[in-house]
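# Observations on the model geometry
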Amino acid sequence: LKSIINPLDLNALETALRIKETNGDTAVYAITMGPPASEEALREARAMGVDDTYLLCDSKFAGADTYATSRTLAKALKSVGIFDLVLTGEKAIDGETGQVGPEVGVFMNVPVASYVTRIVDVKNGYIDIERESEIGRETWRIRFPCLLTITKEVNEPRLPTLSGKKKARRAKINQYNCEKLKSNPNEVGLKGSPTRVVRIGTPKVSREARIFDGPELKTGIKEVVKVLTNYLEVQH
Amino acid sequence: MPEVNTGTIPIKELKEIFGNRIKTDQDFLEKYSHDETAGLKGELPSAVIFPLDAEEISEVLKLANIYKFSVTPRGAGTGLSGGAIPNKDGVVISLEKMNNIVEFDDNNMMITVEPGVITDEIQKIADKHNLMYAGDPCSSDSSSIGGNIAENAGGNKVLKYGPTGHHVYSIEVVLPTGEIVTYGGKRLKDVTGLDMIHLLIGSEGILGVVTKITLRLIPKPKFTVALLVPFKTTKEAIAVVPKVLIDSGIMPSSLEFMDQSSIRSSCRFINTEFPYSDAGAHLIIEVEGNDKESVADIYEQLGDKCLEEGALEVFVADNRTTRERLWKARKSIAEALSAFSPIHCMEDVSVPMANIAELINESEKISRENELDMIAFGHAGDGNVHITFLKGKLGMEHWNKKLEKALTVLYELTSKLGGCITGEHGVGLKRKKYLSMTLDATQIELIRKIKGVFDPNNILNPGKIVDIISDKGKDRNYNE
Amino acid sequence: MKSNIMVLAELRENEVHSSTLELLGKSRELSRKLENSSVTVVALTTEELKETAINLLHKSGADKVLIATNENFKRFNFTYYLRVLEKISNNEKPRIILASATTTGRTIMPALAAALHTGLTADCTGLDIDDESGTLLQTRPAIGGNVIATIKTPNHFPQMATVRPKTFSPLTYNYEGFEKLEVISFTNDSIEDNMELLSFNSTDSSRKNVQDAQVVVSAGKGISNINNLELISELASLLNGAVGASRPLVDQKWLDYESQVGLSGHTVKPDVYIAAGISGAVQHIAGMQTSDFVISINKDKNAAIFEYSDIGLVGDATQILEEIIEELKNSKGERKNA
């Protein structure tokens, strides 16, 4: 069993390491795309017990949206090896959008289970997981290979040990640039991204607040009370 | 002069000054009748006032001298010795609303704040400017800087940076008689006259009300690494402390100790897991530096030393996320105690570093002999240990008796080891009757005389640290 | 060429979720700016939708309701959902696809975008059509900073966005457009059954939550002491409202995630939103800016939150809350006696 994680998400990492601990013949790889400073995160992953780490780093990768990021990650995964299980954080590399996991899943042509809150069982050929939706908790059996996006509830990530840290400090991080990955430069980074940020603005001021400060504060409180009185819950 | 003045409070005059910033209803007063000292129940004051500046405090103190009522200054109410507990029918001056940052002075690396500012706020501002405030009490997220000064709070970085008083360079203070004076300034050297700043710091609100504070900030170290080191037994953990300090040739910024029960209850409280929860004790050792590789060299060397000395494992937290996880567990012990063992007595005896092992071993004996449960945690690196007795299964009456006995023996032990009865929480009400176990009669009498000079009518926080009438021995009964 | 807008319906136990109606309302607005356009809503279900549900979708702005049925649509089966939506998208060739940013929407939309080789913008707080190019303008708060980014997908179609529930409003009138119903029974034997639902336990949703309350009282760092949370809950219960929180309070476990308002928490749209001691980071604003009336209390008169408020009180949150509660209690007493 081989699995891989996005090292920025410690819960996903912990999930992979626990699977490795309970399923003897497992190797865990960590892969991320980012600037050279991302090496830190990969070293931490290594210290926690990951077997090997990969950094996708190239100025050509800069400016990638989730589509281009996922495409590059999926391509790298294919060149690194064959994986049974790919784990990402619920909202990971891409900050708040949570899109990279499902997109990587599609590029790798594997099923995706999102919002995973518990790993129930790992067997030869499949994994049982619990996921949480707005209306309930579902248990799914998913055949390998597959991709899971992991929530914080799933576990408490471990702390790296001194011996892990020592190893990681001296470990080699595998680096992939665009050329080594044999990616078409037009399919990565900003060039390979369908979306464009066209404008950055400060949020539109949509209200004109009446501000009550200093001596006027009393009046303000009266105004607020006037508004709120309509919502008072009066016992019947 | 009475031990505590009980003159009529001129509510009408106070209302003229404070308007709706004076509170007299019972529910409200209850909140201000105690601090966070377990087992110490306070008396209801007559009123709580919320001044906005030194002048208002001055007016109250002048009235107090005329009408002879007692006044107790109070910060965030997180004290652990009853220092902010008011006298019956007295007035509480809450400094909560005086919580402005007065000035951030980049050029002099100083910050001037009002006493109600929460300590962490200062840290956050310093952090934004790549500086650091080196005071770090465990309660930094809830205690106020004014309270830190009144108690000369210690905390987790005393080993390297000293207690709160080390960082204070100027204070504005309202004297008990109402005068407003400023001591010190933004200067690192000052031997003009007596060192009044450090007489006032740690004076537990009996000599004046601090209304403005200038603190020195220092450059923030670029890299901080915390090690979490579990040991099989408390004894082994404690034995490593001097070795780490002496042999490794570096000064950690923190060296904290937590026994098994403290770490377990804290983890339960904040809903987290720690590795080696069955270990007898954990140390947290934190080191700092500006060069990443040299900091790594240092922690590797330190970690190896710990392993050599029998550590079960060494965990490394070198980024913000993991470091905060470690410290959260350490800093939540006191809160967890209040939640899971509300009836307890947390001590903060302070002994020379080399004697901590003996202190803890003997304390365990004391608790066994008195049928008390005990947990221990604290600042191993500076010799300040929170020996904490828990009621456990004892009945209330039994607990009070046994505790009193245990405390006396503990304090005797502390003296024998060259220590003192309180290292950072203060004497307050809680340890007043034990003061003579650290100070002799001449020393205590001198405190009374100094109090008399500052506060001739004995109106400001009377009954804390010492009683003003020497021979009465009418000490408040702990846990009454 | 027709410029269809396609909305993926969010169904909960075969009932249409309110967020779908909000998206339909927005779609009608967008449709007016696109020539010759219509709005299609796609519902994936095990059996056909009830007549009332179909009518509701039409009334709320759908020109066409497209129902795809398959036994695997009872719960969100990633593989089946992806395949059917891929197929429908290829047939319908919509110009725009919108979905609610729910656990389902946030998973299937990125997958579908990757499958259709196009872009996707998550958690949009605003949608519009660019007058010149006719492309979709998507606004969302940008990560980390106090900025709003406008994002466009200049050369790829369909143009895809997810939107948090409660961001837009449903139509205030009954839409009477071209009504069409199409039901396809989706069978695709070539789909590999690579995931199987073993069990489902529904969660109890009886508890009063921030998303449904008429009044939300939210606390931020400015309340400074965990004990002051009592004031927040007291005010909330006086007003029969819910307690909300900004992210820092949830991070330090003062309140649980269910209370979190903002980009990484819930989006709320109450009648009255009270922000006590919240400075107004853009992530928080994103979760509450559509509230009808906003009252904020902050010590710092320059706090960003005031720009999104109808009434701003400058001062210590604890003290002001105490006074408001006191006055409300008084007037409650009066009303009771009256």
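Before reading further, recall that the structure is shown in the block above.
## Notes on the packing of helix 2 (residues 39-48) of chain A against helix 5 (residues 162-170) of chain A
Residues and elements named next belong to chain A. In contact at an axis separation of 7 Å, helix 2 and helix 5 are set at 135 degrees when each is read in the N-to-C sense. The angle between the axes of helix 2 and helix 5 places the two elements in the oblique class. As helix 2 packs across helix 5, the resulting crossing turns out to be right-handed. Contacts between helix 2 and helix 5 pair Arg43, Arg46, Ala47 and Met48 from the former with Gly164, Lys165, Lys167, Ala168 and Arg169 from the latter.

## Considerations on the interface of chain A and chain C
At the interface, 62 residues of chain A touch 76 residues of chain C. Only helix 3 (66-80), helix 4 (100-107), strand 5 (112-123), strand 7 (136-143), strand 10 (196-201), strand 11 (210-212) and helix 6 (217-229) of chain A provide two or more residues apiece to the side of chain A that touches chain C. At nine residues, the largest contribution of residues to the side of chain A that touches chain C is made by helix 6 of chain A. Looking at the side of chain A that touches chain C residue by residue, the class counts come to 29 nonpolar, 17 polar and 16 charged. Here strand 11 of chain A pairs with strand 18 (residues 311-314) of chain C via three bridges, running parallel. For arginine 210 of chain A, the partnering residue across the bridge sits in strand 18 of chain C and is isoleucine 311 of chain C.

## As for helix 2 of chain A
Residues and elements named next belong to chain A. Where burial is concerned, most of helix 2 is hidden: eight out of the 10 residues are buried. All buried positions along helix 2 are accounted for by Ala41, Leu42, Arg43, Glu44, Ala45, Arg46, Ala47 and Met48. On its buried face, helix 2 sits against helix 1 (10-22), strand 2 (27-33), strand 3 (52-56) and helix 5.

## Thoughts on the sheet that holds strand 4 (residues 91-94) of chain B
Residue and element names in this part refer to chain B. In spatial order, the strands read 1-2-4-3; together these four strands make up an open sheet with mixed pairing. Looking at strand neighbours, the two that pair on one side only are strand 1 (22-23) and strand 3 (71-74), the edges of this open sheet. Alignment of strand 3 against strand 4, held across four bridges, turns out to be parallel. Of the residues in strand 4, the one forming a bridge with threonine 72 is valine 92.

## Notes on unusual backbone geometry
For the peptide bond that leads from phenylalanine 144 of chain A to proline 145 of chain A, omega is -10 degrees, which places it in the cis range. Residue placement: proline 145 of chain A occurs in the loop between strand 7 and strand 8 (146-150). A cis amide bond links phenylalanine 157 of chain C with the next residue in sequence, proline 158 of chain C, at an omega value of -5 degrees. Mapped onto the fold, proline 158 of chain C is located in the loop between strand 10 (148-152) and strand 11 (159-163). For asparagine 36 of chain C, which is not a glycine, the phi torsion comes out positive at approximately 50 degrees. Look at asparagine 36 of chain C and you get exposed, because 9 C-beta atoms sit within 10 Å. In the Ramachandran plot, asparagine 240 of chain C falls in the positive-phi region, its phi being about 55 degrees despite a non-glycine side chain. We classify asparagine 240 of chain C as partly exposed; it has 14 C-beta atoms within 10 Å.

About the cut-offs
- Each residue is numbered by its place in its chain's sequence as written, counting from 1.
- Here chains are named by letter from A upward and ligands by number from 1 upward, in the order in which they appear as written.
- Local features in a predicted model are, by the rule used here, given only for residues with pLDDT of at least 70; side-chain atom pairs are given and counted only at 80 or more, and totals for whole chains, interfaces and linings are based on all residues.
- In this description, a line fitted to the C-alpha atoms serves as the axis of each element, helices being fitted only across the stretch in contact, and the angle between N-to-C directions of two axes falls anywhere from 0 to 180 degrees.
- In this text, helices come from DSSP runs of H or I with a minimum length of four residues, and strands from runs of E with a minimum of two, each type numbered from the N-terminal end.
- In these notes the angle categories are as follows: under 35 degrees is roughly parallel, over 145 is roughly antiparallel, 65 to 115 is roughly perpendicular, and the rest is oblique.
- Helix crossings are classified by the rotation of the near helix relative to the far one: an anticlockwise turn of less than a right angle makes the crossing left-handed, while a clockwise turn makes it right-handed.
- Note on contacts: each residue gets a C-beta atom placed from the backbone, and two residues are in contact if those atoms are within 7 Å.
- Gly is placed with the polar residues, together with every amino acid not listed as nonpolar (Ala, Val, Leu, Ile, Met, Phe, Trp, Tyr, Cys and Pro) or charged (Asp, Glu, Lys and Arg).
- What makes two strands pair is DSSP finding at least two bridges between them.
- Three classes are used. A residue is buried when 20 or more other C-beta atoms lie within 10 Å of its own, exposed when 12 or fewer do, and partly exposed in between, with C-beta atoms placed from the backbone.

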